[in-house]
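# Structural description and commentary
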Amino acid sequence: MMELRYNPLTDEWVIVSAATQKRPVQPSKTECPICVGGLELPEGYDLVTFENRYPSLRKDPPPVDWKEKGPFKKEESRGICEVVVYTSDHNTALPGMPLKQIEKLVEMWVDRTRDLSQNDFVKYIFIFENRGKEVGASLPHPHGQIYAFPFLPKRIEVKMDAMRKWYEKNRKCPICEILENEGEERKVYETENFIALVPFYARFPYEVHIYPKRHVSTLPEFSKKEKKEFAEVLKVVTAKYDKLFDQEFPYMMMFFQAPFNDEDVSHFFHFHVEFNPPKRDRDKLKWMASVETGTWTFINPVVPEEAAKQLRETEVEI
């Protein structure tokens with residue numbers, strides 16, 4: 001079964017996809033489907049993207065048998081799910097990849113965003129990486145995913161509503177105003193065109209956000225210099241994570257850009273990246289428990305300014 005089901009209690013769509021149950025989970029290197037010679041990539045490659053064999057959304061989804069019965073509504077799961085393999089090297093990750101390879105990865109994300117947005121049914125393009133089994137990564141080989149949604153996911157709607165409200169009241173994009181008021185105490189790393197920081201409102205103990213200093217709303221708006229610096233900041237932040245406790249640091253990395261084929265919100269929506277890592281100490285995890293999951297109210301056990309200080313003082317090589 002593969003379909004979208006509407007929840008009238010929260011005004012959101014839920015994806016039902018039995019296909020995702022079939023995906024391999026943490027196979028050994030010899031069985032890795034995205035290594036050269038594996039099931040998905042029999043030929044040699046440098047970095048590559050392809051449609052997910054176990055998708056949540058499909059460009060040509062199966063029809064649904066009905067669409068509305070009383071309070072129950074469902075729709076076809078139209079969309080696109082792609083896998084992005086960062087490198088053919090199974091035993092590395094963003095912090096260990098050469099900077100040039102990450103720059104090529106940024107170019108691929110830009111190209112895929114531009115290409116997927118040409119489909120008029122695509123409303124939102126979400127680029128993300130789950131690193132580590134602690135956050136549900138099914139393969140250890142360095143890779144991420146892209147979901148091209150046919151609707152605006154609920155948290156994107158919430159972000160848009162909040163940014164719009166701020167802009168209408170203050171006539172400024174909220175992230176631009178945050179950048180004007182941030183000092184050194186929450187900064188983790190900075191380049192000429194980007195800043196990585198632990199936000200004042202961090203939900204996770206070592207949460208880091210990356211903000212471009214120039215107001216841009218989507219990846220394809222990045223200049224050549226900004227794309228190179230963006231690669232550098234991604235490498236530094238993930239390297240600091242690994243160095244912090246001298247272990248592979250699990251995280252959810254998520255890119256937030258303005259919607260496509262929808263209302264123009266570019267004047268108030270500022271592109272940004274969120275890293276949501278589950279670690280709260282070397283051997284302790286921060287779980288998404290009842291309060292966080294049920295109410296979206298997070299309890300952060302690490303003071304953001306202290307987390308920023310630890311990460312800022314963790315030295316790494318580029």
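None of the values given here were measured: they were computed from a predicted structure.

The strand order across the open sheet built from 9 strands is E3-E6-E8-E7-E12-E13-E11-E10-E9, with neighbouring strands paired in antiparallel fashion. Of all strands in the sheet, those with a lone pairing partner are strand E3 (48-51) and strand E9 (187-190), marking the two edges. Taking each pair of neighbouring strands and ignoring which way they run, the sheet shows an average axis angle of 20°. Pairing of E9 with strand E10 (residues 194-197) involves 3 bridges; the strand directions are antiparallel. By the bridge assignment for E10, Glu 190 is matched with Ile 195. Set on the sheet, helix H3 (residues 174-181) makes contact with E10, strand E11 (208-212) and strand E13 (272-276); between it and E11 the angle comes to about 100°. Helix H6 (residues 304-312) rests against E9 and E11 of the sheet, and its axis sits at about 40° to E9.

The next thing to look at is helix H1 (residues 99-116). Along its 18 residues, H1 runs 26 Å from first to last C-alpha, staying within 8% of the 26 Å computed at 1.5 Å per residue. Listing the buried residues of H1 in full gives Gln 101, Ile 102, Glu 103, Leu 105, Val 106, Met 108, Trp 109, Val 110, Arg 112, Thr 113 and Leu 116. On the buried face of H1, the contacting elements are E3, strand E6 (80-85), strand E7 (124-131), strand E8 (143-149), helix H4 (224-244) and strand E12 (251-256).

What follows is about the packing of H4 against H6. Following both chains from N to C, one finds H4 and H6 inclined at 95°, their axes separated by 9 Å at the closest point. Considering their axes alone, H4 and H6 lie roughly perpendicular with respect to each other. In contact with Lys 240, Tyr 241 and Leu 244 of H4, H6 contributes Gln 310, Leu 311 and Arg 312. Class assignment for the residues of the contact of H4 with H6 results in 3 nonpolar, 1 polar and 2 charged.

Calculation criteria
- Residues numbered from 1 in each chain as written.
- Predicted model: local features only at pLDDT ≥ 70, side-chain atom pairs only at ≥ 80, totals over all residues.
- Heavy atoms only, no water.
- Pairing = 2+ DSSP bridges.
- Helix = DSSP H or I, 4+ residues; strand = E, 2+ residues; numbered from the N terminus.
- Axes fitted to C-alpha atoms, helices over the stretch in contact; angles between N-to-C directions.
- Contact = heavy atoms within 4.5 Å.
- Expected span 1.5 Å × (residues − 1).
- Buried < 20%, exposed > 50% of the residue type's maximum accessible area, 1.4 Å probe, protein only.
- Parallel < 35°, antiparallel > 145°, perpendicular 65-115°, else oblique.
- Nonpolar A, V, L, I, M, F, W, Y, C, P; charged D, E, K, R; others polar.

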